[in-house]
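Residue-level structure breakdown
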Amino acid sequence: MKLYPELFLTPWHAGVLLVTVLALLALIIGKYDSKTIMKHTLVSSLIAYAFLTFVLMLVMQEPMYKKETMVSALDNEYAKQEAKWNPNTGDQVALYVGAFVNEGNVELLVYAGNYDSSQPFQGDITVSLQDHDNQEVFTKTYENITLQPGEKKQIERTRTEQPMDTYRFGYETRPYK
């Protein structure tokens, strides 16, 4: 399990402030002494923070891991393809298809990245994916994809029951001129 620092302070943690204020008000209304109010307010804040952070880690850990893995693989795909690209075409788009197995189902993520530092990409991207038996899993054209310079994003998330131990993918980009 990898810890992501951004999970320790999120917009959801504003809820901890609400719990703290509610605990403080309840203790003041209950006419407790100031030492008890301070102690129990602090304890309720810490418990609320710990509980919320734990829940966020359970929910967000896997999507953040997948995104990190996909962006890294996308960068590797770009490094493999970089020598083929003509910098004058305005089409320096890399694509990567990743398969993640979860309870017998395979989740397929399709990420695209624009590696041009000055030109945005707007066009179509066609992806073809074959499984380990060279059987086509899918071929799909994503139309009207817009990627700003340096942008990397998920363009598809789908599931399949086909085993994807090893797979191959190919892609073709067609920028609009």
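Before reading further, recall that the structure is shown in the block above.
Here we summarise the structure given alongside this text. (Residues numbered from 1 in each chain as written. Predicted model: local features only at pLDDT ≥ 70, side-chain atom pairs only at ≥ 80, totals over all residues. Heavy atoms only, no water.)

1. Points about unusual backbone geometry
To be explicit about the condition: Classification of residues uses two cut-offs on accessible area relative to the type maximum, computed with a 1.4 Å probe and protein chains only: under 20% is buried, over 50% is exposed, and between them is partly exposed.
At lysine 31, a residue that is not glycine, the phi angle is positive and equals roughly 60°. Among the residues examined, lysine 31 registers a relative accessible area of 74% and is labelled exposed.

2. Looking at the side chain of glutamate 77
Threshold: By definition, any uninterrupted DSSP run of H or I lasting at least four residues is a helix, any uninterrupted run of E lasting at least two residues is a strand, and each is numbered from the N terminus. We call two residues in contact when some of their heavy atoms are within 4.5 Å.
Among the structural elements, glutamate 77 can be located in helix α2 (residues 34–81). By relative accessible area, glutamate 77 is classed as buried at 8%. Glutamate 77 has contacts with Leu95, Tyr96, Phe169 and Tyr171, leaving out every residue within four places of it along the chain.

3. Re the sheet that holds strand β5 (residues 152–160)
As a reminder, the rule being used: Should DSSP find at least two bridges between two strands, the strands are regarded as paired. Only the contacting stretch of a helix is used when fitting its axis, a line to C-alpha atoms as for every element, and angles between N-to-C directions run 0 to 180 degrees.
Pairing is antiparallel across the open sheet formed by 3 strands, whose spatial order is β1-β2-β5. Strand pairing shows two members of the sheet lacking a second neighbour, β1 (93–102) and β5, which therefore form its edges. Adjacent strand axes in the sheet meet at a mean angle of 20°, parallel and antiparallel pairs treated alike. Pairing of β1 with strand β2 (residues 105–114) involves 10 bridges; the strand directions are antiparallel. Along β2, the bridge assignment pairs valine 97 with valine 110.

4. Focus: the sheet that holds strand β4 (residues 136–147)
Judged by pairing direction, the sheet is antiparallel, and its 3 strands sit side by side in the order β4-β3-β6 without closing on themselves. Bordering the open sheet on either side are β4 and β6 (168–175), each of which pairs with just one other strand. When the angles between neighbouring strand axes are averaged without regard to direction, this sheet yields 15°. Bridge count for strand β3 (residues 121–130) against β6 is 8 bridges, and the pairing is antiparallel. Of the residues in β6, the one forming a bridge with isoleucine 125 is threonine 173.

5. Topic: the nonpolar core
For the record, the criterion: To qualify as a nonpolar core, a set must consist of buried Ala, Val, Leu, Ile, Met, Phe, Trp, Tyr and Cys residues joined through side-chain atoms within 4.5 Å.
Formed by 17 residues in total, the largest nonpolar core has its most connected members in Leu95, Val110, Ile125, Val127 and Phe138. Those elements that provide at least two residues to this core are β1, β2, β3 and β4. At 5 residues, the largest contribution of residues to this core is made by β4. Excluding residues that lie within four positions of it along the chain, valine 110 makes contacts with Leu95, Tyr96, Val97, Val127, Phe138, Tyr142, Lys153, Gln154, Ile155 and Glu156. Residues Met70, Leu74, Tyr111 and Tyr115 belong to the second largest nonpolar core, which totals 8 residues.

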